Amino acid sequence: MAITKYQKRALETGARIVSCCGYDSIPSDLGTFMMVREMEKRYKSPCSSVQHIVQKCSGGVSSGTMLSGIALMESVGFSISKHIASTDPYMLCRTIPGFKHPDILTTIKNHVGILPHFNFLTYEWEAPFVMAAVNSLVVHRSNALFEFSKLSQSKGYGNSFLYSERVNVGKAFTKISKLPKPVYFVLNFFFTMFYCFSLGLLFLLMLVPPLRSYARSRIQPNSGPSREVQRKARFESAFIATSANKVNGEHVILKGEVSAQGDPGYFNTARMISETALCLAFDVKKTNSKTALSHGFLTPAAACGDALLTRLRKIGFKMEII
């Protein structure tokens, strides 16, 4: 693992190594960071949980992305130990000195599931988002870095913090949300079930070597979404934070949004990577941000904090409380 390999050297040299600076995982990581800090600012309370719900995700997938997915499945294979290890939501936190693994109930709640979920806050059916397995690891590492790192000047989200990431299939991939609510509710239920079944089936099929080889042979090299497709695409994510403490006798619900025009995986990923690099080079050092760690193997939220939120807002990203 790269963290194990480079963390010690980064701490010795003062280098900041920041991965996952694109659609994986800036919307998830900075969106959660934004919600937690806003809850603290407005209500003086930590968050017990943050839900990330993908509302729209249009664009395209390149041959490189598909081949990377196949390679990932090949590396895991039928190894039960690797599958168990890959489902640990705190896998990237273990390298942080002093990290205390949350209790078993919190760990189970933070696992990325594979089943449909009915959200009682939005009264909608949701499915696990395909990128949640990676994004949730980054969010939990940010929390652990803030909470346990000796370099941190900012407190974490808490050892019992819950994070979930799902997709509203009806809104994200279809236009059925424009239909009457009862019709939409029923159709969204069936679309969600189909999505979960298809995702599970694809996962199982890609474990079989001959099927992986066949899939590779059908992928056209150097293919991907055109400029026109990338320009017209868009991503939108809703965030729902719940306060850990009661305010005026009840828990507070805070809602936020992270969105931008353009393909999330390519056009906007290029912009997010560039802004993160510029933020590291100029903003963090200049402002001496208290929400940023000085060096080591970091996450976008831990490395840049508020400074990156400001940069992304300036170039047209909507990252705000609604």
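A look at the overall build of the protein
Then, number 1: Regarding its fold elements, the protein presents 13 helices and 9 strands.
Then, number 2: For 322 residues, the compact-globule estimate of 2.2 N^0.38 gives 20 Å, and the protein sits close to it at 20 Å.
Then, number 3: Over its C-alpha atoms, taken along the principal directions, the protein stretches across nearly 50 × 50 × 45 Å.
Then, number 4: When burial is assessed residue by residue, the protein has 47% of its 322 residues classed as buried.
Then, number 5: Restricting to contacts in the protein with at least 6 residues of sequence separation, those with at least 24 account for 76%.
Then, number 6: Carbon together with sulfur atoms contributes 62% to the accessible area of the protein, which is approximately 16,700 Å² in total.
Then, number 7: Here the protein carries 38 positive and 21 negative side-chain charges, and the mean point of each set is 3 Å from the other.

Remarks on a nonpolar patch on the surface
Then, number 1: A cluster of nonpolar residues, Phe197, Leu201, Leu205, Val208 and Leu211, forms a patch on the protein surface that exposes about 410 Å² of accessible area.
Then, number 2: The element best represented in the nonpolar patch is helix H8 (residues 181–205), accounting for 3 residues.
Then, number 3: By the secondary structure assignment, Phe197 is in helix H8.

Focus: the packing of aromatic side chains
Then, number 1: For the structure on display, the rule yields 14 aromatic pairs.
Then, number 2: Geometrically, the ring pair formed by Phe118 and Phe185 is edge-to-face, given 6.2 Å between the ring centres and 75 degrees between the ring planes. With a gap of 67 residues between them, Phe118 in strand S3 (residues 117–119) and Phe185 in helix H8 connect regions that are remote in the sequence.
Then, number 3: Residue Phe118 is classed as buried on the basis of its relative accessible area, which comes to 18%.
Then, number 4: The class of Phe185 is partly exposed, set by a relative accessible area of 37%.
Then, number 5: An aromatic cluster is present here, built from Phe118, Phe120, Tyr123, Trp125, Phe185, Phe189 and Phe190 joined pairwise through their rings.
Then, number 6: Taking the ring centre of Phe146 as reference, the NZ or CZ of Arg37 above it sits at 5.1 Å.

Considering the environment of Asp88
Then, number 1: For Asp88, the position within the fold is in the loop between helix H4 (80–86) and helix H5 (104–110).
Then, number 2: For the pair Asp88 and Thr106, spaced 18 residues apart in sequence, the C-alpha to C-alpha distance is 11 Å.
Then, number 3: Contacts of Asp88, omitting those with residues within four sequence positions, involve Arg94, His101, His111 and Leu137.
Then, number 4: Polar side-chain contacts of Asp88 include one of 3.0 Å to the backbone nitrogen of Tyr90.

Regarding the sheet that holds strand S5 (residues 162–167)
Then, number 1: Across the sheet, 7 strands lie side by side as S3-S4-S5-S2-S6-S7-S9; this open sheet has mixed pairing. Edge positions in the sheet fall to S3 and strand S9 (318–321), since each of these pairs with one other strand and no more. Direction aside, the axes of adjacent strands within the sheet are offset by 30 degrees on average.
Then, number 2: Pairing of strand S2 (residues 47–57) with S5, which is carried by 6 bridges, proceeds in the parallel orientation. Along S5, the bridge assignment pairs Val50 with Tyr163.
Then, number 3: Against the sheet, helix H2 (residues 26–43) contacts S2, S5, strand S6 (234–247), strand S7 (250–261) and S9, and its axis sits at roughly 140 degrees relative to S7.
Then, number 4: Here H8 sits on the sheet in contact with S3, strand S4 (124–128) and S5, set at roughly 10 degrees to S4.

What to know about unusual backbone geometry
Then, number 1: A cis amide bond links Asp24 to the next residue, Ser25, at an omega of 10 degrees.
Then, number 2: In this structure, Ser25 sits in the loop between strand S1 (16–18) and H2.
Then, number 3: Unlike most non-glycine residues, Lys44 shows phi in positive territory, near 55 degrees.
Then, number 4: When you line up the elements, Lys44 lands in the loop between H2 and S2.
Then, number 5: By relative accessible area, which is 69% here, Lys44 ends up exposed.
Then, number 6: Even without being a glycine, Asn222 presents a positive backbone phi close to 60 degrees.
Then, number 7: Structurally, Asn222 is set in the loop between helix H9 (209–218) and helix H10 (227–232).

Rules of the game
- Counting starts from 1 at the beginning of each chain's written sequence and moves along it residue by residue.
- The model is predicted, so local features are restricted to residues of pLDDT at least 70 and side-chain atom pairs to those at 80 or more, both for listing and for counting; the totals for chains, interfaces and linings are taken over all residues.
- Hydrogens and water molecules were not included; the side-chain quantities draw on all heavy atoms of the structure.
- Put simply, DSSP H or I for four residues or longer makes a helix, DSSP E for two residues or longer makes a strand, and each gets a number counted from the N terminus.
- Taken over C-alpha atoms, the radius of gyration is set against a globule rule of 2.2 Å times the number of residues to the power 0.38.
- Each residue gets one of three labels from its accessible area relative to the maximum for its type: buried under 20%, exposed over 50%, partly exposed in between, using a 1.4 Å probe on protein chains only.
- Note on definitions: a residue-residue contact is assigned when non-hydrogen atoms from the two residues lie within 4.5 Å.
- Here the accessible surface of atoms and residues is derived via Shrake-Rupley with a 1.4 Å probe, and residues count as covered only by protein chains that are part of the display.
- Within this scheme the basic residues Lys and Arg register as positive and the acidic residues Asp and Glu register as negative, but His and the chain ends are omitted.
- A single reference atom marks each charge: NZ on Lys, CZ on Arg, CG on Asp, CD on Glu.
- Patch membership needs two things, relative accessible area over 30% and no salt bridge, and members are linked within 9 Å if like-charged or within 5 Å if nonpolar (Val, Leu, Ile, Met, Phe, Trp, Tyr).
- Salt-bridge detection follows one rule: a side-chain nitrogen of Lys or Arg within 4 Å of a carboxyl oxygen of Asp or Glu.
- Stacked, edge-to-face and tilted labels apply to pairs of Phe, Tyr and Trp rings (six-membered ring for Trp) whose centres lie within 6.5 Å, assigned for plane angles under 30 degrees, over 60, and everything in between, in that order.
- The rule is short: NZ of Lys or CZ of Arg within 6 Å of the ring centre and within 35 degrees of the ring normal puts a charge over the ring.
- Here a polar contact means two N or O atoms within 3.5 Å. Within protein one must be a hydrogen donor candidate and the other an acceptor candidate, and residues neighboring in sequence count only if both atoms are side-chain atoms.
- Two strands qualify as a pair provided that DSSP identifies no fewer than 2 bridges between them.
- Where helices are involved, their axes are fitted lines through C-alpha atoms of the stretch in contact, as for all axes, and angles between N-to-C directions lie from 0 to 180°.

In short, the description is geometric, and any link to function would need to be established separately.
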